[in-house]
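Per-entry structural report
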Amino acid sequence: MKYDVIVIGGGHNGLVNAAYLARAGRKVLVLERRHVLGGAAVTEEVFPGFKYSVCSYVVSLLRPEIIRELDLPRHGMEILPLDGTFTPMPDGDYLWRVNDHAKTRREIARHSRLDAEAYDEYGKAMVEMGRFIKPMLAMTPPDPTSRDPRGLLKLLALARRFQALTLDDKDHQIQLMTMSAIDFLDRWFETDVLKATMAASGIIGTFLGVRSAGTAYVLLHHYMGELDGAFRSWGLARGGTGAISQAIADAARAAGAEVRTNAAVARIVTKEGTATGVVLANGDEIHASAVSSSLDPHRTFLKMLEPAHLPGDFVDGVRRYKLRGSSGKVNLALDALPDFTCLPGPGRHLRGAVSISPSVDYMERAYDEAKYGRFSRRPYVDVVIPSLTDPSIAPPGKHVMSCFVQYAPYHLTEGSWDDKREEFGDTILDTIAEYAPNLKSIILHRQVLTPLDLEREFGLTEGNIFQGELTLEQLFFLRPVPGWAAYRTPVRRLYMCGSATHPGGGIMGAPGRNAAMAILRDTRLR
Amino acid sequence: MRVLIIGAGHNGLVTAFYLAKAGLKPTVLERRDRVGGVAITDEIHPGFRCSTLAHWIAPIRPQIVRDMELERHGVRFTQPAVRVFAPGPDGRALALYDDPSRTARELEKQSALEARRYLEFHDTIARIGRVLNSVRSVTPPSIQSPSGGDLWSLAKLARRFRGLSRANQFRVLRWFPMAVADLVGEWFQDDLLRATIAARGIFGACAGPRSAFTGAHLLMHAAADGHGAGAATLTVGGLGALTAAMASAAREAGAEIRPHAEVTRILVANGRATGVALASGEEISGRAIVSAADPQRTFLSLVPSGELDPGFASKVRNYRVSGVVAKVNLALAALPKFTAAPADGAALLLSGRIHVGPAIDYLERAFDAAKYGAWSSEPYLDLTIPSVTDPSLAPPGAHVMSIHVQFAPFRLRHGTWSEHREALGDTVVRTLETYAPGISQLILQRQVITPADLESTYGLTGGHIFHGELAPDQFFAMRPILGWASYRTPIQNLYLCGSGTHPGDGVTGASGANASREILKDVRKRG
């Protein structure tokens, strides 16, 4: 049995890739190592009755064209709104931003009247910037060193679009691409807690601090999330994040793709520099005219292929590609709701994200510890209680709480993550309990995921949730390896389609879709 | 045609020279009693003279040296055989020579791979540097409506860039946004070597080696010096000798230089600069006014408020100009003994820059303090002992040491710089004791120049030695403000020529030379 394309990895990008290929009439097989589909976008019943979005837990970046083209709502995807961000402060105050604009304005004005005004301006500017960047997401990055006129025309078109911006928007664009989140926000706002909480989105998944240059860009990344056309909103998938993967898998199957779980790929088979199939861990060999890997380049090229058979400078580039995981996750099954001292009771504030980001210095110090190889003693935590919005994921009256934690550096200076797992978990609970003292008494079960667990369990090398840092030297035509940003590889008929390719991580699906277009272009020419 | 130049620093003097050479009548107005700006030599103790602020040259663009005939005007450049000497706390040391093959021979004793990598690195820096150097001499293009000339010069730059090998093209693109710690990590194993090279990416910057875009800093310096080890050119008599020669060349060309002439206001009528008012009350009119002062000083204190568009003024206020550098100068009774520099080789090893900052983590920790408004308890130091090669600076057997100290943030969270001055001096000396035990007993005089002094005494707003952070949002077409990078300003006939304009790093004279070219273009256009 021979397939047109084998897709390695049944994460959301692998599935998107397969769905588009199948819709174009290709015979596609998706191979997933685990027993469950979804990769890092997965729902698992870790404790009976409690369904965790084990890794990725919110959605906003999923490309609207993918939702439309794959008709995901018909395949069961439903996004529920996640309302606002609540930041408790140590002095008993809080900052609570919600989707209701007027209300958020009043709340910010409570901290600073000037900031409330700036907030409107800021929102408008970011939407403009998002509009500029958005078309780039669906683009195969051109190679700036190539003499191929098509690539040059693409670059020229980019330059023209930039040229068409107003001077102020150009200024903002350059600042966003280069500044730190805090330096950028300093130009707009004065309230420390507001800046700290807004800056948090700039550091998620990166090994950078809120004062590190290059983090402002990620602020924009998070402004590009579109849900039903509404800029900037975040949501939860009904049934957990895994439901999105399931919907994409259904779309792929409906188009004729075959999807197998418990099918770990051990090796990619090549013949005279051309990929011809894969060998599974159980020894089975499956043939295909092309192979598309949604794994990161370290896994794809250093483990599944013989690096000695690849060009030396390419392998150097793969080795240099920085993964450096910096985050961990704690998932809790709760008997009741946490009670925050600064705003007691089960209010609407618990239906959004609760952000432990009380000050800019707090965030920066959390990073400083990680730089020297320790996990933060007082980390940034992004807490979501999805069972409040979607009661189907927990038994009646009980709750599921997801705590995303940063920083947890993959490389520890002292000890190993296996020894530190529980200490790490305790640190997170201690941190949240400073604001919600009842937390520890309502925990039924806890699951602690260190970067090492993310690597072992979910195949995220070094525990990096984006399959590689979203720093500028690893974006666009530099992602993942300079000269190899067009989803193609030095091995003929071997493609990359995961988050390690442009435009990067998050449940966006764009890499999978863009790679499918590249594969279709190549195979059409044959 | 009379042109007034505010400030007699190196860029002001270079501008004055070129304008005078072209037949204009420039008058340079200097607030202090001497010319030189940050490139000056002072007697810090009877018989001891030292480059007060900047202590090495970045270097001066050869064209400027030739045009101004600086050597005829008395400058003697020295290029020490050892560009950088980097002692480690364990008594081990690293010497990066002017001759890269000599450096490689030394490195080979530890590791053949490291030696090979160093040569390759040096070669790469030299090649990339040559291409980037051409960026330094162009006027940044207008972003809103690029002229034919702008597009032409961009096309020329693009061609030169594409003349690099594909690997080097990608290096430039990757390195630019990179953290310099990652950059050196890709090349070298030894932490001391990594830190010594990486320091070029953070010199004068509010950034640690793990900060993004410090790779761009390294590339910019590479563009100026094209050397794997970085610049270390000195001038006999200290940097004051350089600016004295520049002043002499400018005068010879026809410029007038007036010390004790503090400009307090730029006179503006109908959106045009018409002259300046001095602290003495005197008003001088000029057809063009050129400010070598930093952009914030120029626009926020010299230009009358109300003359600027509020949007522009707010951008100037947002221009980042908070410095992190202090300077300590020592008069020493004898040459300090560095544990890592054996007595017989000391004179050679200590002849260039001395780098104190033996590990990437050390440099990063030094930076950490600055983020929280404190100065480093173990600072990164870049020092020279110029009297090793230039005995005229100190009495026989005695020496002067000039120390660039990072990080000392302009804005302290607790207390003021006048309260912290001596403590900072003590910290520097204590740090030096680790590498040169006994140095404190040799100190005859100590001069501590805090970032607050840099602002109040030397006129550097925010104490910033480069007239504003050299970060990518303030580079090239964004320096100082996007849309106003061509040395012109929203006020007609008012120009900028200081380090707050492109390329604006270190003592190179490049900003002044570029500015004078643009001013002359306008003058010719008007006839």
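Residues numbered from 1 in each chain as written. Chains lettered and ligands numbered in written order. Predicted model: local features only at pLDDT ≥ 70, side-chain atom pairs only at ≥ 80, totals over all residues. Heavy atoms only, no water.

The next thing to look at is helix α10 (residues 239-253) of chain B. Its 15 residues place the ends of α10 of chain B 21 Å apart at the C-alpha level, agreeing with the 21 Å of an ideal helix rising 1.5 Å per residue. For α10 of chain B, the set of buried residues is Leu239, Gly240, Leu242, Thr243, Ala245, Met246, Ala247, Ala249 and Ala250 of chain B. (Helix = DSSP H or I, 4+ residues; strand = E, 2+ residues; numbered from the N terminus. Expected span 1.5 Å × (residues − 1). Buried < 20%, exposed > 50% of the residue type's maximum accessible area, 1.4 Å probe, protein only.)

Okay, the sheet that holds strand β7 (residues 93-97) of chain B next. Residue and element names in this part refer to chain B. The seven strands are arranged β7-β6-β15-β16-β17-β14-β18 in an open sheet whose pairing can be described as mixed. Among the strands making up the open sheet, the edge pair consists of β7 and β18 (443-449). Between one strand axis and the next, the sheet turns by 20° as a mean value, whatever way the strands run. As paired elements, strand β6 (residues 82-87) and β7 share five bridges and run antiparallel to each other. (Pairing = 2+ DSSP bridges. Axes fitted to C-alpha atoms, helices over the stretch in contact; angles between N-to-C directions.)

Moving on, we get to the environment of Pro336 of chain B. Residues and elements named next belong to chain B. For Pro336, the location among the structural elements is in the loop between β14 (325-332) and α13 (346-349). C-alpha of Pro336 to C-alpha of Arg31: the two residues are 305 residues apart in sequence and 37 Å apart in space. Not counting chain neighbours up to four residues away, the residues in contact with Pro336 comprise Leu350, Ile385, Met401, Ala436, Ile439 and Leu442. (Contact = heavy atoms within 4.5 Å.)

At the interface, 40 residues of chain A touch 32 residues of chain B. Interface area for chain A against chain B, summed over the two sides, is near 3,400 Å², with a carbon-plus-sulfur share of 52%. At the junction of chain A with chain B, the criterion picks out 12 salt bridges. Between the two partners, chain A and chain B, sit 22 residue pairs in polar contact (both at pLDDT 80 or more). Of all elements in the fold, only α5 (149-163), α6 (167-178) and α13 (360-371) of chain A reach the threshold of two or more residues within the side of chain A that touches chain B. Looking at the side of chain A that touches chain B, the element that brings in the most residues is α6 of chain A, giving eight residues. Grouping the constituent residues of the side of chain A that touches chain B by class yields 15 nonpolar, eight polar and 17 charged. (Buried area = accessible area lost by both parts, 1.4 Å probe. Salt bridge = Lys/Arg side-chain N within 4 Å of Asp/Glu carboxyl O. Polar contact = N/O pair within 3.5 Å; in protein donor to acceptor, adjacent residues only side chain to side chain. Nonpolar A, V, L, I, M, F, W, Y, C, P; charged D, E, K, R; others polar.)

This brings us to the pattern of salt bridges. Within this structure, the stated rule accounts for 70 salt bridges over all chains. Put simply, Glu128 of chain A and Arg131 of chain A hold a salt bridge, and the shortest N to O gap is 3.0 Å. In this pair, Glu128 of chain A and Arg131 of chain A both sit in helix α4 (residues 113-137), three residues apart, roughly one turn of the helix. The class for Glu128 of chain A is partly exposed, based on a relative accessible area of 31%. Between Glu473 of chain A and Lys322 of chain A there is a salt bridge, with the nearest N and O atoms lying 2.4 Å from each other. Of the two residues, Glu473 of chain A is situated in the loop between α15 (451-458) and β20 (494-496) and Lys322 of chain A in the loop between α12 (312-320) and β15 (327-334); the sequence distance between them amounts to 151 residues. The same class applies to Glu473 of chain A as to Lys322 of chain A, namely buried. Among the charged side chains, a network of salt bridges with common partners joins Glu364, Asp368 and Lys371 of chain A together with Glu364, Asp368 and Lys371 of chain B.

Turning our eyes to something else, we now look at the packing of helix α11 (residues 295-302) of chain B against helix α12 (residues 310-318) of chain B. How two helices pack is summed up by the angle between their axes together with the distance between the axes. All names here are of chain B. Contact geometry for α11 and α12: axes closest at 9 Å, N-to-C directions at 135°. Comparing the axis directions of α11 and α12 gives the class oblique. Note on packing geometry: the crossing formed by α11 with α12 is left-handed. When α11 is examined against α12, the residues Pro295, Gln296, Phe299 and Leu300 are found in contact with a partner set consisting of Phe312, Ala313, Val316 and Arg317. Among the residues making up the contact of α11 with α12, the classes are represented as six nonpolar, one polar and one charged. (Parallel < 35°, antiparallel > 145°, perpendicular 65-115°, else oblique. Left-handed = near helix turned anticlockwise from the far one by under 90°.)

All names here are of chain A. Counted according to the given criterion, the structure contains zero disulfides over all chains. Cysteine Cys342 is unpaired, with the sulfur of Cys403 as its nearest cysteine sulfur at 16 Å. We classify Cys342 as buried; its relative accessible area is 13%. (Disulfide = S-S within 2.5 Å.)

The next thing to look at is the confidence of the model for chain B. Predicted confidence across chain B gives a mean pLDDT of 96, with 100% of residues reaching 70 or more. Reported confidence for the predicted complex is 0.94 by ipTM and 0.96 by pTM. (pLDDT = per-residue confidence, 0-100.)

All names here are of chain A. The topology assignment puts Asp143 in the loop between α4 and α5. When its relative accessible area of 19% is taken as the criterion, Asp143 is described as buried. A polar contact of 2.8 Å, which involves the side chain of Asp143, links it to the side chain of Thr145.

Counting residues in each nonpolar core, the largest one holds 101 residues, and the members touching the most others are Tyr122, Phe184, Phe189, Met401 and Cys403 of chain A. In terms of residues, this core owes the most to one element, α4 of chain A, which gives 10 residues. (Core = buried A, V, L, I, M, F, W, Y, C linked by side-chain atoms within 4.5 Å.)

Turning to a positive patch on the surface, a few remarks are in order. A surface patch of positive charge is lined by Arg272, Arg287, Lys525 and Arg526 of chain B. Following the sequence through the fold, Arg526 of chain B ends up in helix α18 (residues 510-526). (Patch = residues over 30% accessible without salt bridge, like charges linked within 9 Å, V, L, I, M, F, W, Y side chains within 5 Å. Areas by Shrake-Rupley, 256 points an atom, 1.4 Å probe, with all protein chains shown as cover. Lys, Arg positive; Asp, Glu negative; His and termini not counted. Charge placed at Lys NZ, Arg CZ, Asp CG, Glu CD.)

What follows covers the sheet that holds strand β11 (residues 272-278) of chain B. Residues and elements named next belong to chain B. Reading across the sheet, the three strands line up as β10-β11-β12 and stay open at both edges, with antiparallel pairing between neighbours. The sheet is open, and its two borders are formed by β10 (263-269) and β12 (283-285), each paired with just one other strand. Sheet twist, expressed as the average angle between the axes of neighbouring strands with direction ignored, equals 30°. Here six bridges tie β10 to β11, and the two strands are oriented antiparallel to one another. Directly across from Arg265, in β11, lies its bridge partner Ala277.

Here we come to the packing of aromatic side chains. Enumeration over the complete set of coordinates arrives at 32 aromatic pairs over all chains. Plain terms: the ring middles of Phe375 of chain A and Phe424 of chain A are 5.3 Å apart, the flat faces sit at 75° to each other, and that makes the pair edge-to-face. In this pair, Phe375 of chain A is assigned in the loop between α13 and β17 (380-384) and Phe424 of chain A in helix α14 (residues 417-433), connecting sequence segments 49 residues apart. When the centroid spacing of 6.2 Å and the interplanar angle of 80° are considered together, the rings of Phe176 of chain B and Phe213 of chain B count as edge-to-face. Placement of Phe176 of chain B in the loop between α6 (166-175) and α7 (180-187) and of Phe213 of chain B in the loop between α8 (191-198) and α9 (214-225) is noted, with a sequence separation of 37 residues between them. Since its relative accessible area comes to 30%, Phe176 of chain B is described here as partly exposed. Pairwise contacts between aromatic rings join Tyr119, Tyr122, Phe184, Trp188 and Phe189 of chain A into one cluster. One cation-aromatic arrangement involves Arg377 of chain A over Phe375 of chain A; the distance from NZ or CZ to the ring centre is 4.3 Å. Sitting above the plane of the Tyr372 of chain A ring, Arg365 of chain B keeps its charged end 3.7 Å from the centroid. (Phe/Tyr/Trp six-rings, centres within 6.5 Å; stacked < 30°, edge-to-face > 60°. Lys NZ or Arg CZ within 6 Å of the ring centre and 35° of its normal.)

Moving on: the pairing of β15 of chain A. All names here are of chain A. Burial within β15 is extensive, with eight of its eight residues counted as buried. The alternating pattern of β15 places Ser327, Lys329, Asn331 and Ala333 and Gly328, Val330, Leu332 and Leu334 on opposite faces, both of which are buried. Both β15 and strand β18 (residues 399-406) contribute to a ladder of eight bridges, which runs antiparallel. Residue Lys329 lies in a different strand from β18, and its bridge partner there is Phe404. Relative to strand β19 (residues 443-449), β15 runs antiparallel, the two being bridged by six bridges. Of the residues in β19, the one forming a bridge with Ala333 is His445.

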